[in-house]
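Chain and residue survey
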Amino acid sequence: MSKVRQVLYLVLECCIFVVLAIVPGVFALQKNVFRQLPLYRFLEGQAVEDLQRQDQETYEKLVESNTRYLGKMVREENRDARVTPEITEKPQIMDFAKNEERSEVTETPKPEKDNVQTVRTEAPAEEETATAAAQVVPVPEIDLAPETLADYDYLMNHFFIVDSATETTAEQINAASFLAEDLTLQKETEAPQILIYHSHSQETFCDSREGKVEDTIVGVGDYLTKLLSETYGYQVMHVTEKFDLAGGELDRSKAYDYARAWLEPVLKENPSIQVVIDLHRDGVPDDRRLVTEINGKETAQLLFYNGLSHTINSGDLSYLPNPYIQDNLAFSFQLEYQAALYYPELYRGIYLAGLRYNLHLRPRALLLEAGAQTNTVQEVKNAMEPFADILDRVLQGK
C-alpha cells in the first residue's frame, strides 16, 4: 500500500472518530444509520409525499382528517374560554352611523285564566347579574368587523337563509341599520314586559312522554319563563292556550289566525308588553339531530324565523300588513349577532319566509325554532339558557 493511501485512510478514520465524538450515541439510537443523514431524510420525505399525492383519494382523506382534528381542538379551546371566570371588558355592539291563512277568524277564542301564567319577581341583585355575565366571554368564529358585515353577500352567507318563495335585497338586509336600532328595555316595572306563547302548542320531542305537558314545547316555555323572570328580573307572561287544537284534534291550518285573535286584546290590555316570542320546535328529517355542546351540556340549536310579507309570485302581500318588518329583522339580527359573539355553535341562522307569522304584533316580535322533533326535551330546555342570555344582552344594550 502506498504512503498516499495510508495517509488518506488515516484522515478518513480521524473524521469518523470526530463525528462520533461530536454526536455520541446518535447512530446507536436509530435502527437505520442512514436516516441520520440530512440528504437521506429529505429524499425519504419526498418519496412519501409523492406516494401520497399519487393516491389522491388517500391524500384527500388525510387532509380532511387533519382539518377535523384541528377544528375539534379549536372548538374545545373555545368552550374552555367561555367559562373563564373573569372578563376585563364587555364587548360593545358595533356603532354602525309554516303557514298563515288569508281568511279571517269568525269565532274568537276567549282567554281563560288557566292558560295565562304571569311571573313577576324582583330584579336580581346587581352583584348576581354581574357574576352571571362574567361567566361568558366573546369567542366569535366569523369576522364581525363593520366593514365585513357591510358586504351583503357575506351577510347572507353567514346569517340568513332565504326561502325559495321569497326574496330580499341589500337595502332591506343592512347590518349597520340593524345594529344601530335601540331595542333596549327597562326592567324596573311590575307590569308584564315579555309575552311567550306557542302557535303550535302540541309540538313534542323524541323522548316526550305522552300526556306530559312539561315534555312539550309548552314545558320549554315554562323553563324560559322561569329563567327570564328569576335569573334576569323581567316580568313575563306565558300563554299556554292550545291554538293548534280544534275539537280536541290537531289542526294547524288556522293556528296563527286563532293566536292573533286571542293575543290582540291581551296586548291591548297590557301595553307594557314590548317583547312577543312565539316559541316552536322545528321539523327536520328523522336522521338529522340539531345539537351542540355549550358549557358542558348537550344543547339544541336555534333558528330565528322572520316573515317578509312578500313572495316572488305575488310581490308585497297587502292582506298581511306588517309595519314592523325592519324592526323584526333588527331584533333577530341583534340576537344572532350576540349568539355569534358568545355561542357561535348555538344558532342555525335567520330564516326569511314569505308570510307574516304574527310578527306584526310588536316591533320586538320573534318566532323562535328551538331544536326539532329529533332532540330530547332536556337538550331543548338547555338551549333556553344561552338564549335567555343573548336576549338579555340585546334588551340591556350590552
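Below you will find a few notes about this structure. None of the values given here were measured: they were computed from a predicted structure.

1. A short note on the overall build of the protein
Scanning the protein from terminus to terminus reveals eleven helices and 14 strands. For the protein, the accessible area works out to roughly 21,600 Å², and carbon and sulfur atoms hold 52% of it.

2. Here we look at the pattern of salt bridges
The final tally for this structure, using the stated rule, is ten salt bridges. In this structure, Asp-257 and Arg-260 form a salt bridge, with 3.1 Å as the shortest nitrogen-oxygen distance. Of this pair, Asp-257 and Arg-260 both sit in helix H9 (residues 255–269), three residues apart, which is roughly one turn of the helix. The burial state of Asp-257 is the same as that of Arg-260; both residues are buried.

3. Focus: the nonpolar core
Within the largest apolar cluster, 63 residues are counted, with the highest numbers of intra-cluster contacts made by Phe-160, Met-384 and Phe-387. If one sorts the elements of this core by residue count, helix H10 (residues 325–342) sits on top with eleven residues. Aside from chain neighbours lying at most four places away, what touches Met-384 is Val-220, Tyr-223, Leu-224, Leu-227, Leu-279, Leu-302, Leu-368 and Ala-370. Counting 13 residues, the second largest nonpolar core, distinct from the first, contains Trp-262, Ile-273, Val-276 and Leu-361.

4. A word on the side chain of Asp-215
Within the element layout of this structure, Asp-215 appears in the loop between strand E3 (194–197) and helix H8 (217–231). Overall, Asp-215 belongs to the buried group, its relative accessible area being 7%. If we ignore the near neighbours within four places in the chain, the residues touching Asp-215 are Thr-204, Phe-205, Asp-207, Ser-208, Arg-209 and Val-377.

5. Observations regarding the side chain of His-310
Mapped onto the elements of the fold, His-310 is located in strand E11 (residues 310–311). For His-310, a relative accessible area of 17% corresponds to the buried category. Look past the residues within four positions of His-310 in its chain and what remains in contact with it is Ala-165, Thr-166, Glu-167, Gly-315, Asp-316, Leu-317 and Gly-354.

6. Overview of the pairing of strand E14 (residues 364–372)
Burial within E14 is extensive, with nine of its nine residues counted as buried. Bridge analysis of strand E7 (residues 275–282) against E14 gives seven bridges, and the strand direction is parallel. Each bridged residue has a counterpart across the sheet, and for Val-275 the counterpart in E14 is Arg-364. Here four bridges tie strand E10 (residues 302–307) to E14, and the two strands are oriented antiparallel to one another.

7. Here we look at the packing of H8 against helix H11 (residues 377–395)
Taken N-terminus to C-terminus, the directions of H8 and H11 make an angle of 35°; their axes are 9 Å apart at the nearest point. Relative to H11, the crossing made by H8 is right-handed. Along the contact surface, H8 presents Gly-219, Val-220, Tyr-223, Leu-224, Leu-227 and Leu-228, while H11 presents Val-380, Lys-381, Met-384, Glu-385, Phe-387, Ala-388 and Leu-391.

8. A few points about the packing of aromatic side chains
All chains considered together, the criterion is met by nine aromatic pairs. Where Phe-160 meets Phe-333, the ring centres are 6.2 Å apart and the plane angle is 5°; that geometry is what we call stacked. Of this pair, Phe-160 sits in strand E2 (residues 160–162) while Phe-333 sits in helix H10, and the two are 173 residues apart along the sequence. Judged by its relative accessible area of 7%, Phe-160 falls in the buried class. Each ring, one from Phe-178 and one from Phe-333, has its centre 5.6 Å from the other, and the planes form 45°; the classification is tilted. Highlighted residues: Phe-178 in helix H7 (residues 175–180) and Phe-333 in helix H10, separated in sequence by 155 residues. One exposure class covers both Phe-178 and Phe-333, and it is buried. Cation over ring: Lys-187 sits above Tyr-234, and NZ or CZ is 4.9 Å from the ring centre. Geometry around Tyr-342 places Arg-393 over its ring, the cationic atom sitting 3.9 Å from the centre.

9. Things to note about the pairing of strand E9 (residues 297–300)
In terms of strand pairing, strand E8 (residues 291–294) meets E9 through four bridges, oriented antiparallel. By the bridge assignment, Thr-292 is partnered in E9 with Thr-299.

Cut-offs used in this document
- Numbering of residues starts from 1 in every chain and runs along the sequence as written.
- Residue-level local features of this predicted model are given only where pLDDT is at least 70; pairs of side-chain atoms are given and counted only at 80 or more, and the full residue set underlies all totals for whole chains, interfaces and linings.
- Excluded from the side-chain calculations are hydrogens and water; all other atoms, namely the structure's heavy atoms, are used.
- Under the scheme used here, helices are H or I runs from DSSP no shorter than 4 residues and strands are E runs no shorter than 2 residues, and both carry numbers assigned from the N terminus.
- Note on areas: these come from Shrake-Rupley sampling with a 1.4 Å probe, and a residue is covered only by the protein chains present in the view.
- In what follows, salt bridge is the name for a side-chain nitrogen of Lys or Arg lying within 4 Å of a carboxyl oxygen of Asp or Glu.
- Throughout, exposure labels follow a simple rule: accessible area from a 1.4 Å probe, protein chains only, divided by the maximum for the residue type, with under 20% read as buried, over 50% as exposed, and the rest as partly exposed.
- Put simply, a nonpolar core is a bunch of buried Ala, Val, Leu, Ile, Met, Phe, Trp, Tyr and Cys residues held in one set by side-chain atoms that sit within 4.5 Å of each other.
- Working rule for contacts: check all heavy atoms of both residues, and any pair within 4.5 Å makes them a contact.
- Should DSSP find at least two bridges between two strands, the strands are regarded as paired.
- Only C-alpha atoms enter the line fits that serve as axes; for helices the fit covers just the stretch in contact. Angles between N-to-C directions range over 0 to 180 degrees.
- Handedness of each helix crossing follows the sense of rotation of the near helix against the far helix: counterclockwise by less than a right angle gives left-handed, clockwise gives right-handed.
- Each Phe, Tyr or Trp ring (for Trp, its six-membered ring) is paired with any other whose centre lies within 6.5 Å, and the angle between the two planes then decides the class: stacked below 30 degrees, edge-to-face above 60, tilted in between.
- Any Lys NZ or Arg CZ that is within 6 Å of a ring centre and within 35 degrees of that ring's normal is treated as a charge sitting over the ring.

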